[in-house]
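Below are the chains, spelled out letter by letter.
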Number of protein chains: 2
Amino acid sequence: METIPSDDRGLAYGDGVFETILVQHGKPSLWAWHCARLARGCRRLGFEPPAQAVLDAQYSALPVQGCHVLKLIVTRGSGGRGYCPPDVPSPRLISRLMLFSPQPVRWQKGVTVRLCTLTMASQPRLAGIKHLNRLENVLARQEWQSPDIAEGLLCNARGELVEATAMNVIWYQEGCWLTPRTDECGVQGTLSAALMNAGHLSYGTLALDALPAVRHLCVLNSVQGVWPVRQVVDAQGSPLSAHDIDSPAVRELQRQAHALLGYGDSVSFER
Amino acid sequence: METIPSDDRGLAYGDGVFETILVQHGKPSLWAWHCARLARGCRRLGFEPPAQAVLDAQYSALPVQGCHVLKLIVTRGSGGRGYCPPDVPSPRLISRLMLFSPQPVRWQKGVTVRLCTLTMASQPRLAGIKHLNRLENVLARQEWQSPDIAEGLLCNARGELVEATAMNVIWYQEGCWLTPRTDECGVQGTLSAALMNAGHLSYGTLALDALPAVRHLCVLNSVQGVWPVRQVVDAQGSPLSAHDIDSPAVRELQRQAHALLGYGDSVSFER
């Protein structure tokens, strides 16, 4: 296990950003999207990201067999006086490779998710980037233990859906897939961004009380792919809404997303 | 320099808390208050704090000469699956001792502070504790470079004062020293808590537009002590308010605070 000095600002203040990247047979998925978000995050925090060649070197050495997740952390490094960063920071790049198995059963049969009681705070200065201040996600993820609950949905103070604890959320409305903006809270997903870039996804707003009227709902990220949501339950486990997971709209979106991730041909969506 | 494994949750998510403790001649100031806030923070995040004997061992080995700051970090340790913490975490205690010199000139002559443009987000689930998610403080501290600005004041979305980037804020009103509650944002200061416990400080609310009418304003923490604020300037450096720093109310509060910190007899407040 790699170690870092205990005065690193990533540890001290969460002063940095990270990415978790799907790697299949040595090939990282959505690499350009991950690098772009990482760089955008560093700049938003006020320091220069590692050079692209330094990032590229991270995947040139990846194992060519099997399925992994590559986690990259970039911190502002050590130094500075308290919260005040050094004038010229020396960012620290930390990488870790973990074995990973996708869950095709969740792709095919969908999942039950739960509505979290934690309300996400609005902080436009930090919204959208994948920074290391993730206590809201940790607290939300602690709200349930049951393995039957695949994810937890999070709302903002206006009662609108924002994201899931570790995934983005999308819904189908009037022939379009929509996802919340991440300009006040939440993380802009790389898979969501790639789907949006390909014309398969747009921005929208969904108030929680409008959720039961939504026909299709999914949670997704660049590692797990797309999980259709069968049912949303509240903190007591009572049903809040039910959704249709086996429709052409869901399967087509899933096909597009999984093609972007390189999962495309490896899984049958037949039930 | 001590190192930590790169899979520590403190680095990954800011999943932990910290304290910075003034140590003079081997004696930590406000030790019980620091330990109490540390423990409260761990419990709020959902894990058991280190035993008191483990914390006490941190200061039994301190150098008996000179003035230092002891920084303690307690993370939830390694493990878990993503944001989901392990069922039985093994918290990691990291300690670091740094030389420190207080700034008596600031005690005596007061300071100029600046109003930060960053607005603090409201998150009651994290407010009051000294957790490791401190990017708001880092961003706010980056708003100025001039050494003539000693601190930056932060407001909430309602335009009320919350704290300074690394200190608490107090003001004098109708014969009382007041400080904002920290139930939506901000960190509850140990010196503020000790002053409150001794009857020298109460909770209040101060809207920014009422600041010019405040006669005395101070920023304070358990390491620096109490800095009277002479002037508040805006982001362009234009004066927003001026305050009287040389009055019995200010000097008496300073005396009480510095006695709590063990600075009491070492400094003359005569100008």
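Residues numbered from 1 in each chain as written. Chains lettered and ligands numbered in written order. Predicted model: local features only at pLDDT ≥ 70, side-chain atom pairs only at ≥ 80, totals over all residues. Heavy atoms only, no water.

1. Here's the deal with the relation of the copies chain A and chain B
Cut-off, in case you're wondering: Superposition of the copies used a least-squares fit over C-alpha atoms from residues whose pLDDT is at least 70 in both. Whether two residues touch is decided by their heavy atoms; if any such pair falls within 4.5 Å, the residues are in contact.
Mapping chain A onto chain B is achieved by rotating through 180 degrees and translating by 0.0 Å along the same axis, at an RMSD of 0.0 Å. Viewed as a symmetry operation, the transformation between the two copies matches a two-fold axis. A shared binding surface is used by both copies, with 100% of the interface residues of chain A retained as interface residues in chain B.

2. A short note on the packing of helix α2 (residues 31-45) of chain B against helix α3 (residues 52-60) of chain B
Residues and elements named next belong to chain B. How we decide: To obtain an axis, a line is fitted to C-alpha atoms, over the contacting stretch when the element is a helix, and the angle between two such axes runs from 0 to 180 degrees between their N-to-C directions. Here a strand is any run of E in DSSP of at least two residues, a helix any run of H or I of at least four, and the numbering for each starts at the N terminus. Angles below 35 degrees are treated as roughly parallel, those above 145 as roughly antiparallel, those between 65 and 115 as roughly perpendicular, and all remaining angles as oblique. Each helix crossing is assigned a hand: it is left-handed if the near helix lies turned anticlockwise from the far helix by less than a right angle, otherwise right-handed if that turn is clockwise.
Here α2 crosses α3 at 135 degrees, and the two axes come no closer than 11 Å. Viewed along their axes, α2 and α3 adopt a mutual orientation that is oblique. The two elements α2 and α3 meet at a crossing, and its hand is right-handed. Between α2 and α3, the residues in contact are Trp31, Cys35 and Leu38 and Gln52, Leu55, Asp56, Gln58 and Tyr59, respectively.

3. Regarding the pairing of strand β10 (residues 176-179) of chain A
All names here are of chain A. We count it as follows: A pair of strands is treated as paired once DSSP finds two or more bridges between them. For crossovers, right-handed means that the path from the first strand over the helix to the second runs clockwise, given strands pointing away from the viewer.
As paired elements, strand β9 (residues 168-173) and β10 share three bridges and run antiparallel to each other. Bridging from a neighbouring strand, tyrosine 172 pairs with tryptophan 177 of β10. Hairpin connection between β9 and β10: a loop of two residues separates the two successive antiparallel strands, and glutamate 174 in this loop has a positive phi of roughly 50 degrees. Here β10 runs beside strand β11 (residues 202-203); their pairing, made up of two bridges, is parallel. If you follow threonine 179 over to β11, its bridge partner there is tyrosine 203. Read as a crossover between parallel neighbours, the route from β10 over helix α6 (residues 190-197) to β11 is right-handed.

4. Focus on the pattern of salt bridges
All names here are of chain B. To keep things clear, this is the line we draw: We define a salt bridge as a contact between a side-chain nitrogen of Lys or Arg and a carboxyl oxygen of Asp or Glu at a distance within 4 Å. Partly exposed residues are those whose accessible area sits between 20% and 50% of the maximum for their type, while under 20% is buried and over 50% is exposed, using a 1.4 Å probe and protein chains only.
Going through the model one piece at a time under the given rule, you end up with 24 salt bridges over all chains. Across the pair aspartate 15 and arginine 9 runs a salt bridge whose closest N-O atoms are separated by 2.9 Å. Judged by relative accessible area, aspartate 15 falls into the buried class, the value being 0%. Salt-bridge contacts for aspartate 15 lead to arginine 76; the nearest nitrogen and oxygen are separated by 2.7 Å.

5. Quick word on the environment of alanine 39 of chain B
Locating alanine 39 of chain B in the fold gives a position in helix α2. Between the alpha carbons of alanine 39 of chain B and histidine 68 of chain B there is a distance of 22 Å; along the sequence they are 29 residues apart.

6. Overview of the confidence of the model for chain A
Note the cut-off: Confidence scores here are pLDDT values: one per residue, from the predictor, ranging 0 to 100.
Overall, the prediction assigns chain A a mean pLDDT of 95, with 97% of residues at 70 or greater. Segment residues 266-271 of chain A is flagged for pLDDT under 50; beyond a separation of four residues in sequence, or across chains, it makes eleven contacts in the model.

7. Some details on the interface of chain A and chain B
Selection rule: Buried area, as used here, totals the accessible surface that two parts lose on assembly, with accessibility defined by a 1.4 Å probe and the loss added over both. Two N or O atoms count as a polar contact when they lie within 3.5 Å, although within protein this holds only if one can serve as hydrogen donor and the other as acceptor, and sequence-adjacent residues are included solely when both atoms are side-chain atoms. Only Asp, Glu, Lys and Arg are considered charged, only Ala, Val, Leu, Ile, Met, Phe, Trp, Tyr, Cys and Pro nonpolar, and every remaining residue, Gly among them, polar.
Listed as interface residues are 53 residues of chain A and, on the opposing side, 53 residues of chain B. Regarding the contact of chain A and chain B, the summed buried area is about 4200 Å², with carbon and sulfur atoms giving 62% of it. For chain A, the biggest contributors to the area lost against chain B are Leu11, Tyr83 and Leu135 of chain A; these three give 19% of the whole. Summed over the shared surface of chain A and chain B, the number is two salt bridges. Two residues, arginine 125 of chain B and glutamate 143 of chain A, come together in a salt bridge whose shortest N-O distance is 3.9 Å. Where chain A packs against chain B, one counts 19 residue pairs in polar contact (both at pLDDT 80 or more). Going through the elements one at a time, β1 (3-5), α1 (9-13), α2 (31-45), β4 (67-75), β5 (92-99), β6 (111-120) and α5 (135-141) of chain A are the ones with two or more residues in the side of chain A that touches chain B. The dominant element in the side of chain A that touches chain B, judged by the number of residues it contributes, is α5 of chain A, at six residues. Along the lines of polarity and charge, the residues of the side of chain A that touches chain B split into 22 nonpolar, 15 polar and 16 charged. With three bridges joining them, β1 of chain A and strand β1 (residues 3-5) of chain B adopt antiparallel strand pairing. Residue pairing for β1 of chain B: threonine 3 of chain A is matched across the bridge by proline 5 of chain B.

8. Considerations on the environment of alanine 194 of chain A
Residues and elements named next belong to chain A. For alanine 194, the position within the fold is in helix α6. Under the relative-accessibility criterion, alanine 194 is labelled buried at 3%. Considered as a pair, alanine 194 and glutamate 19 are 175 residues apart in the sequence and their alpha carbons are 15 Å apart. If near-sequence neighbours (up to four positions away) are discounted, alanine 194 is found in contact with Leu30, Trp33 and Leu260.

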